[in-house]
Amino acid sequence: MELSGTNFRLYNKRLGITLIFVLLMALSACTRGTAETPGEQVETSDGATAGGVEEVTSGEVGDTKAERVGTLRVAMQPIVNIDPIAISSDSEVLVANHVYDYLIDIDSLSNPVPRLATEWKTSEDGLTYTLELAEGVTWHDGSPFSAQDVVWTFDRLRTTEGTPTFDLYSNITGVEATGGLEVTFTLANPNPFFLYDLSDNHALILKAGTTDADTTFNGTGPFKVKNYSPEDRIEMVANEDYFVLGQPRLAGVDIIFFNDDAAAVEALRGGQIDLAMRMSTALFSSLQDVPGITTSSIPTNGFDLIRLRSDRAPGNDPRVIQALKLATDREAILNVVQQGYGALGNDSPIGPLYDAYHDETAIPPARDVEAARALLAEAGYADGMKITLHTPDTGGRPDLAAVLKEQWAEVGVDVEISVEPESVYYGDDGWLEVDLGITGWGSRPYPQFYLDVMLVSGAKWNESHFSDAEFDALAATAGTTLDEEERIKAYSDIQHLLIERGPIIIPYYFAQFGAISDNFSGLSLNAFAGRTDFRPVRFVGN
Amino acid sequence: MPVQSKMSLTPDSPLSVNPSRISRWAGAFHALFSTKATALGTTIVLIFVVVAFIAPLIAPYGVNEQIYSDARQAPSADHWFGTDHLGRDVFSRVLYGASDILFLAGLGTAMAVMCGTAVGLLSGYAGGMVDEIMMRFFDSLLAMPALLLALLLLGTLGPSRNSVFIVMVIVYTPIVARVVRSVVLSVRSKGFVEAARLQGESIEWVLFREILPSVTPTLAVEAALRFSYAIFLVASLGFLGVGVQPPSPNWGLMVNEARPHVGQLPWALFFPAAAIAIVVIGVNLMADGVKRLLQA
């Protein structure tokens, strides 16, 4: 009954190993978190600025010759591409947005606002756009900016095959410099959202003839790149000759690369960085009431989409999708999966962020287990239905799947969950094939994008394989009419139609989170983190 | 008493209750409680095995029952281990998780031990080219860390409970086979094996009746250790999200799911992690008892 010395040491060793394992697990839990923000982008080929409503703290009106102090240290994912034509991630866009300038920005109320273009006018037929450009703009290398640079940039964007802008700008028939600081765009067909397209993430103006945009940073933007250490950080200093008076107000911005959102949040707590914008709901909650850090969240139109293939069984029976809609408790999902942050979904991609187009009367019917059961029985699933729900492993999607499994079980739908790494889920277009899946969609500045790529017949990413003549006609009307009333009506009809028979469920719209050190003020969050504007941010610390 | 002694020489007679077998079980039972440490280990394992069977009877809530109004609650009288971010009772899930992990790890270990024993016996006894080819093949499998090999296999098979089982068998069979083979090599040339062979006994007889008993002590200890590693493996794969799929109450998966919320809901992470640790410690302590028993 006694332990020999050897055995005792053996026990100690095993115990020690086990305890170390537990400690490691706990430690990894403390330092790692889900690497995705609820607002994250599935694909960011389109321009994406919207939201940006709540200001963290209000900035003061800039002096004409502001003193530039303080360096803002921002945590972001590492960047891969630096040539604006190839950028896509939040961090790549964030860097480019401060080195280069867009012609037009989109403000927090989804209105186009001037940047390099100071004013613009549209011809009556909607086919010609004439933009006046700002005076006194110079490139970081000292040479003057002109309309030729804009023409060159847009010709590059619309003629380089294999780029997202090649398709986006295929409607442009000509770009001309109609003056030293005036540029005219001619379109083949009217496009009511053309100004938004001009603000596409990739549409940053490069100097005419640039050949090394993938290795150098010669922009007109508010900051100049001082040092770029791939996979470590990028250090930028204020452009003293920036054309907007009084901006930027910071002496510099350091973008420090973090692969892990939880690590970035820890760095923020520890004072190694000043701003973090990509984090899960859980991480965001953990930052509430932390002294010295101000948190804020803004609504976006990003959402998780639950979609059922409608071109084959079981989704080709409209009663099945209706039953699933009736089985879903959207409010509970918002509260549990998103902890109440964000907005309640209405099964359409036209969310409340699009104030002018969102129809508040388009509300999906409340949860009704009995009605759902009856519909399933009518559709031939009286004894229940078994189906696999595919979901990427990022954000709150696995949680959403777990909640849906429980909610749908009550109506006799037996869900088997298959969680896949995001790269696997989207790789080889498997996500377009599965019957039932969850897909995260990022926020866009206007709703037409979702209809055109996700829901019209034969669309590139029509993952639900939805094909509805009435819907297609409405989407076409909304996307081409120059009559705003007609568009509002079409969007309203679309929302009602999707609630009634769209093979999609959108339970919530994400919030965009941000947390910044109290040493800085003047930051407005943006629905697309990459388009956050640091020009008005100023240092107020010691 | 010649009749009685004859009876005792036919241990497999179904008509007789063999007193030596009873005493052997009693001895085993005694050995498993022979020291404080093994007694503790055995008790822990027994408790978890019992829990695994009666979890549905004693768990206060359903395994995946989501009570939205109770979400994110700290441990209390209603929820002994608190609730997770989806409003599931952590205590109930830890109880249910016992069957998930013990069943899968136990089945995987048993299958790996069977396969490994068969292969090890054959390979060691046959020797020559067969042995060479087998062992070099296993060497190539063993060259990779178990977890890495498991991840590779799961990447091919796709994540599911069956895949985890298959992976366990593939990962652990070579290890068991090597251990068994090493013992076979040492007893192959012993007199009693030679004698059996010269008597013209069949190869099955020699392998399973002459050699296997010599392997059993080592094999039992190896099986017990494998079992503890298997628990780790099932938990690790669940934690990495490539094993058993949600909403299974797999402890590793529970730790993974609780990880983003650890700042606010530490209990949702702590209890499943503690369960893994306690079971693994228990199995290890018990394995030592098994070794003691078989060496005695």
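Once a new chain begins, its residue numbering starts again from 1 and follows that chain's sequence as written. As they are written, the chains are lettered A onward and the ligands numbered 1 onward, keeping that order. Reporting in this predicted model follows two pLDDT cut-offs: at least 70 for local features of residues, and 80 or more for side-chain atom pairs to be given and counted; totals over whole chains, interfaces and linings ignore these cut-offs and use all residues. Hydrogens are left out, water is left out, and the side-chain values use all remaining heavy atoms of the structure.

(A) Structural detail: the overall build of chain B. Under the scheme used here, helices are H or I runs from DSSP no shorter than 4 residues and strands are E runs no shorter than 2 residues, and both carry numbers assigned from the N terminus. A tally of regular secondary structure across chain B gives 11 helices and zero strands. Across chain B, helices and strands are ordered from the amino to the carboxyl terminus as α-α-α-α-α-α-α-α-α-α-α. Summarising its shape, the C-alpha atoms of chain B cover approximately 75 × 50 × 30 Å along the three principal directions. Only four residue types enter the charge count: Lys and Arg as positive, Asp and Glu as negative, with His and the chain ends excluded. Every charge is mapped to an atom, namely NZ of Lys, CZ of Arg, CG of Asp or CD of Glu. Measuring between centres, the 19 positive side-chain charges of chain B sit 7 Å from its 17 negative side-chain charges.

(B) Local environment of the overall build of chain A. If you tally the helices and strands in chain A, you get 15 helices and 20 strands. The buried share among the 542 residues of chain A stands at 58%. The contacts of chain A with a sequence gap of at least 6 include a subset with a gap of at least 24, amounting to 73%. Residue exposure ignores everything except the shown protein chains as possible cover, and the areas themselves are Shrake-Rupley values with a 1.4 Å probe. As displayed, chain A has an accessible area near 20600 Å², and 51% of this comes from carbon and sulfur atoms. Burial classes: relative accessible area under 20% of the type maximum marks a residue as buried, over 50% as exposed, and values in between as partly exposed (1.4 Å probe, protein chains only). Residues count as neighbours in contact if any of their non-hydrogen atoms are within 4.5 Å of one another.

(C) Quick look at the pattern of salt bridges. All names here are of chain A. One speaks of a salt bridge when a side-chain nitrogen belonging to Lys or Arg is within 4 Å of a carboxyl oxygen belonging to Asp or Glu. By the definition in use, this model includes 40 salt bridges over all chains. The shortest N-O distance in the salt bridge between K207 and D141 comes to 2.8 Å. Of this pair, K207 sits in the loop between α5 (194-198) and β8 (223-229) while D141 sits in the loop between β5 (128-133) and α3 (147-159), placing them 66 residues apart in sequence. The exposure class assigned to K207 is partly exposed, which follows from its relative accessible area of 23%. The exposure class of D141 is partly exposed, given its relative accessible area of 45%. The residue R397 makes a salt bridge to D304 at a minimum N-O spacing of 2.7 Å. Remark: D304 occurs in strand β12 (residues 293-308) and R397 occurs in helix α11 (residues 397-409); sequence separation between them is 93 residues. Given the relative accessible area of 1%, R397 is considered buried. Judged by relative accessible area, D304 falls into the buried class, the value being 1%.

(D) Looking closely at the confidence of the model for chain B. All names here are of chain B. Of the residues in chain B, 92% reach a pLDDT of 70 or more, and the chain-wide mean stands at 87. Counted against residues more than four places away or in other chains, residues 1-17, with its pLDDT under 50, gives six contacts. In the predicted assembly, ipTM is 0.81 and pTM is 0.80. Per-residue confidence from the predictor is reported as pLDDT, which spans 0 to 100.

(E) Representation of the environment of G502(A) within the structure. Residues and elements named next belong to chain A. Tracing the backbone shows G502 in the loop between α15 (484-501) and β17 (504-505). Sequence separation between G502 and L455 is 47 residues, and the spatial gap between their C-alpha atoms is 8.8 Å. Other than its neighbours up to four places away in sequence, G502 contacts I321, K325, F466 and L497.

(F) Examining the nonpolar core more closely. Residues and elements named next belong to chain B. What is meant by a nonpolar core is a set of buried Ala, Val, Leu, Ile, Met, Phe, Trp, Tyr and Cys residues, joined one to another through side-chain atoms within 4.5 Å. With 62 residues, the main nonpolar core has V90, V94, L102, M168, I231 and W251 as its most contacted residues. Of all elements in the fold, only α3 (36-58), α4 (90-126), α5 (128-142), α6 (146-157), α7 (161-188), α9 (203-240), α10 (251-258) and α11 (266-295) reach the threshold of two or more residues within this core. Among all residues touching V90, those that are not within four sequence positions of it are F81, G82, T83, D84, M254, W267, A268, F271 and P272.

(G) Inspection of the confidence of the model for chain A at higher detail. Of all residues in chain A, 88% have pLDDT values of 70 or greater, and the mean over the chain is 87. Low confidence marks residues 22-64 of chain A, where pLDDT is under 50. Its contacts with residues over four positions away, or in another chain, come to 148 contacts.

(H) Empty space enclosed by the protein, seen in detail. Residue and element names in this part refer to chain B. Grid spacing is 1 Å over the protein atoms alone, the probe is 1.4 Å, and a cavity is where that probe fits but cannot get out, while a pocket is an open set with protein on both sides within 12 Å along at least five of seven lines and lining residues have an atom within 4 Å of a point. Grid points are joined across faces, edges and corners, and a volume is the space filled by probe spheres set on the points. For the structure shown, the criterion picks out seven cavities of 30 Å³ or more. By volume, the largest cavity amounts to about 60 Å³. Lining the largest cavity we find D84, H85, R88, V90, R93, M254, E257, A258 and A268. At the level of secondary structure, the elements contributing two or more residues to the lining of the largest cavity comprise α4 and α10. Here the lining of the largest cavity takes three residues from α10, the largest share from any one element. Three categories are distinguished: nonpolar for Ala, Val, Leu, Ile, Met, Phe, Trp, Tyr, Cys and Pro, charged for Asp, Glu, Lys and Arg, and polar for the others, with Gly belonging to the last. Class assignment for the residues of the lining of the largest cavity results in four nonpolar, one polar and four charged.

(I) Quick peek at unusual backbone geometry. The amide bond that connects A313(A) to the next residue, P314(A), takes the cis arrangement and shows omega of 0°. Here P314(A) is to be found in the loop between β12 and α8 (318-327).

(J) Region of interest: the packing of aromatic side chains. All names here are of chain A. Two aromatic rings, drawn from Phe, Tyr or Trp (for Trp, its six-membered ring), form a pair once their centres lie within 6.5 Å of each other, and the interplanar angle then sorts them: stacked below 30 degrees, edge-to-face above 60, tilted otherwise. For the structure on display, the rule yields 31 aromatic pairs over all chains. The interplanar angle of 50° and the centroid separation of 4.9 Å between the aromatic rings of Y242 and F243 together place this pair among those described as tilted. Relative accessible area serves as the criterion here: at 6%, Y242 is assigned to the buried category. One aromatic cluster is present, formed by F303, W441, F449, Y450, W461 and Y509 through successive ring pairs.

(K) Structural detail: the sheet that holds strand β7 (residues 182-187) of chain A. Residue and element names in this part refer to chain A. Two strands are counted as paired when DSSP detects at least two bridges linking them. Within the open sheet, the four strands sit side by side as β4-β5-β7-β6. Their pairing is antiparallel. With partners counted over all chains shown, the strands left at the sheet margins are β4 (117-122) and β6 (172-179), one partner each. On average, each strand axis in the sheet is tilted by 20° relative to the strand beside it, whichever way the strands run. Summarising the sheet, β5 and β7 pair through five bridges and their orientation is antiparallel. Note on β7: the bridge partner recorded for T130 is T184. Only C-alpha atoms enter the line fits that serve as axes; for helices the fit covers just the stretch in contact. Angles between N-to-C directions range over 0 to 180 degrees. Where α3 meets the sheet, its contacts fall on β5, β6 and β7, and the angle it forms with β6 comes to roughly 170°.

(L) Quick look at the environment of L344(A). Residues and elements named next belong to chain A. Looking at the secondary structure, you find L344 in strand β13 (residues 343-344). The spatial distance from the C-alpha of L344 to the C-alpha of D274 is 31 Å, given a sequence separation of 70 residues. Beyond its immediate sequence surroundings of up to four residues, L344 is in contact with R330, E331, L334, P507, Y508 and Y509.

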